[in-house]
Amino acid sequence: MARAIIPPILSDAPLAPGLYVVATPIGNLRDITLRALDVLNAADVVLAEDTRVSGKLLAAYGLSAKLERYDEHAAERMRPRVMAKLAAGERVALISDAGTPLISDPGYRLVREAAAEGFTVFAIPGPSALLAGLSLAGLPTDRFLFAGFPPPRSAARRVFLEEVAGVRATLVFFEGGSRLAASLADMAHVFGPREAVVCRELTKLYETVVRGSLPDLAADPAFAAPKGEIVVLVAPGREEEASAADADTALRDALTRLRPAEAASEVAKALGIPRRDLYRRAMTLKGGGA
């Protein structure tokens with residue numbers, strides 16, 4: 001029998017009534033926050049995606065909260081009961097099997113309904129496979145799109161990938177080990193040789209992070225059917241180079257408002273074309289030469 005992790009001294013401050021969305025470890029149990037332990041210790045009920053998985057987490061910290069199942073199958077039946085508990089002034093905690101609830105996990109409608117009914121919803125932030133992957137991938141993080149799990153069948157998956165191919169941001173996907181190789185092959189087909197990162201078992205003993213082009217990753221035999229939870233991150237696509245016609249159209253519009261030098265600066269910034277070339281073209285257009 002595994003020995004319980006000795007928890008830190010828990011807060012004795014009263015816990016306000018409401019719905020608490022609590023992040024739990026994605027692998028390493030020591031990643032749980034002190035505030036999450038306080039909430040799980042004081043909650044009247046903890047809603048869990050899988051009570052067996054969550055029971056092990058609570059036992060590891062010597063907590064004995066009342067657990068009730070809340071997953072996609074039980075959600076419709078459970079929501080009225082949860083609303084009744086909140087109306088009675090109870091403290092309800094929502095957790096998933098791992099990570100931050102609602103991120104490809106049930107809970108969105110529960111939070112929406114609780115807020116609509118006027119109950120307070122508290123976020124207890126913490127571990128997230130999405131953010132962990134972004135933090136170590138080395139891809140742009142100023143803009144990213146979390147696209148969740150791609151469809152399981154190739155035809156639907158390629159349509160799904162085509163829909164996000166033009167997004168100028170790092171793309172983040174979750175995927176299961178049995179479908180990883182097929183997903184990477186479809187990504188290589190749709191996205192081309194973009195840089196990508198495959199993260200497996202983040203924060204766990206056998207954590208692996210592999211970087212490379214999508215075609216190379218798709219051909220890697222290590223990804224034929226790996227075990228564990230997987231995050232795939234794909235670099236943004238490159239902007240298509242603006243044509244001379246695009247530049248002329250933008251310059252003509254800018255010249256109705258600005259002097260040639262200012263128009264050239266505005267269009268250079270917008271289209272990524274050298275300002276010097278645009279200034280010469282702007283002077284030609286201004287003089288009626290074209």
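Relevant structure appears above.
Description of the structure in this document. (Residues numbered from 1 in each chain as written. Predicted model: local features only at pLDDT ≥ 70, side-chain atom pairs only at ≥ 80, totals over all residues. Heavy atoms only, no water.)

### A word on the sheet that holds strand 7 (residues 170-176)
Phase 1 of the analysis: Ordered in space as 6-7-10-8-9, the five strands form an open sheet in which the pairing is mixed. A single partner strand is all that each edge strand has here, and the edge strands are strand 6 (144-148) and strand 9 (208-213). Sheet twist, expressed as the average angle between the axes of neighbouring strands with direction ignored, equals 20 degrees.
Phase 2 of the analysis: Here strand 8 (residues 195-200) runs beside strand 9; their pairing, made up of six bridges, is antiparallel. Residue pairing in the sheet places Val-198 in a bridge with Val-210 of strand 9.
Phase 3 of the analysis: The strands that helix 5 (residues 129-137) touches are strand 6, strand 7, strand 8, strand 9 and strand 10 (229-234); relative to strand 7, the one it contacts most, it runs at about 125 degrees. (Pairing = 2+ DSSP bridges. Helix = DSSP H or I, 4+ residues; strand = E, 2+ residues; numbered from the N terminus. Axes fitted to C-alpha atoms, helices over the stretch in contact; angles between N-to-C directions. Contact = heavy atoms within 4.5 Å.)

### Details of the packing of helix 9 (residues 244-255) against helix 10 (residues 260-271)
Phase 1 of the analysis: Running from amino to carboxyl end, helix 9 crosses helix 10 at an angle of 135 degrees, the nearest separation of the two axes being 9 Å. Of the possible angle classes, the one that applies to helix 9 and helix 10 is oblique. Along this stretch, helix 9 crosses helix 10, giving a crossing that reads as right-handed. Here Asp-246, Ala-247, Ala-250, Leu-251, Ala-254 and Leu-255 of helix 9 lie close against helix 10, whose contacting residues are Pro-260, Ala-263, Ala-264, Glu-266, Val-267 and Leu-271.
Phase 2 of the analysis: Class assignment for the residues of the contact of helix 9 with helix 10 results in 10 nonpolar, no polar and two charged. (Parallel < 35°, antiparallel > 145°, perpendicular 65-115°, else oblique. Left-handed = near helix turned anticlockwise from the far one by under 90°. Nonpolar A, V, L, I, M, F, W, Y, C, P; charged D, E, K, R; others polar.)

### Considerations on the side chain of Arg-200
Phase 1 of the analysis: With respect to the secondary-structure elements, Arg-200 resides in strand 8.
Phase 2 of the analysis: Buried within the structure, Arg-200 lacks any salt-bridge partner; Glu-201 is the closest side chain of opposite charge, at an N-O distance of 4.8 Å.
Phase 3 of the analysis: Side-chain polar atoms of Arg-200 contact the backbone oxygen of Lys-227, separated by 2.8 Å. (Buried < 20%, exposed > 50% of the residue type's maximum accessible area, 1.4 Å probe, protein only. Lys, Arg positive; Asp, Glu negative; His and termini not counted. Salt bridge = Lys/Arg side-chain N within 4 Å of Asp/Glu carboxyl O. Polar contact = N/O pair within 3.5 Å; in protein donor to acceptor, adjacent residues only side chain to side chain.)

### Quick notes on the layout of surface pockets
Phase 1 of the analysis: As a volume, the largest pocket reaches approximately 470 Å³.
Phase 2 of the analysis: As for the largest pocket, its lining consists of 23 residues, of which Ala-98, Asp-105, Ala-129, Phe-174 and Glu-229 are closest to the centre.
Phase 3 of the analysis: Those elements that place two or more of their residues in the lining of the largest pocket are helix 5, strand 7, strand 8 and strand 10.
Phase 4 of the analysis: The biggest single contributor to the lining of the largest pocket is strand 10, with three residues.
Phase 5 of the analysis: Taken as a whole, the second largest pocket encloses approximately 290 Å³ of empty space.
Phase 6 of the analysis: Looking at the lining of the second largest pocket, the elements with two or more residues in it are helix 3 (75-87) and helix 4 (108-116). (1 Å grid on protein atoms, 1.4 Å probe; cavity = no way out; pocket = protein on both sides within 12 Å on 5 of 7 lines; lining within 4 Å. Points joined across faces, edges and corners; volume = space filled by probe spheres on them.)

### Observations concerning the packing of aromatic side chains
In this description, an aromatic ring pair is defined by two values, namely the gap between the centres and the angle between the planes.
Phase 1 of the analysis: What the rule picks out here adds up to five aromatic pairs.
Phase 2 of the analysis: Aromatic side chains Phe-160 and Phe-173 sit 6.3 Å apart centroid to centroid with 65 degrees between the ring planes, which places their arrangement in the edge-to-face category. With Phe-160 in helix 6 (residues 154-164) and Phe-173 in strand 7, the pair connects residues that are 13 residues apart, well separated along the chain. You'll find Phe-160 and Phe-173 in the same group, each marked buried.
Phase 3 of the analysis: Aromatic ring contacts, followed pair by pair, group Phe-146, Phe-149 and Phe-174 into a single cluster. (Phe/Tyr/Trp six-rings, centres within 6.5 Å; stacked < 30°, edge-to-face > 60°.)

### What about unusual backbone geometry?
Phase 1 of the analysis: In this structure, Glu-201 is a non-glycine residue whose phi angle is positive, near 55 degrees.
Phase 2 of the analysis: Mapped onto the fold, Glu-201 is located in the loop between strand 8 and strand 9.
Phase 3 of the analysis: Given a relative accessible area of 16%, Glu-201 falls into the buried group.
Phase 4 of the analysis: Of note, Thr-203 is a non-glycine position whose phi angle comes to about 70 degrees, a positive value.
Phase 5 of the analysis: Of note, Thr-203 is situated in the loop between strand 8 and strand 9.
Phase 6 of the analysis: According to the relative accessible area criterion, Thr-203 is partly exposed, its value standing at 25%.

In short, the description is geometric, and any link to function would need to be established separately.
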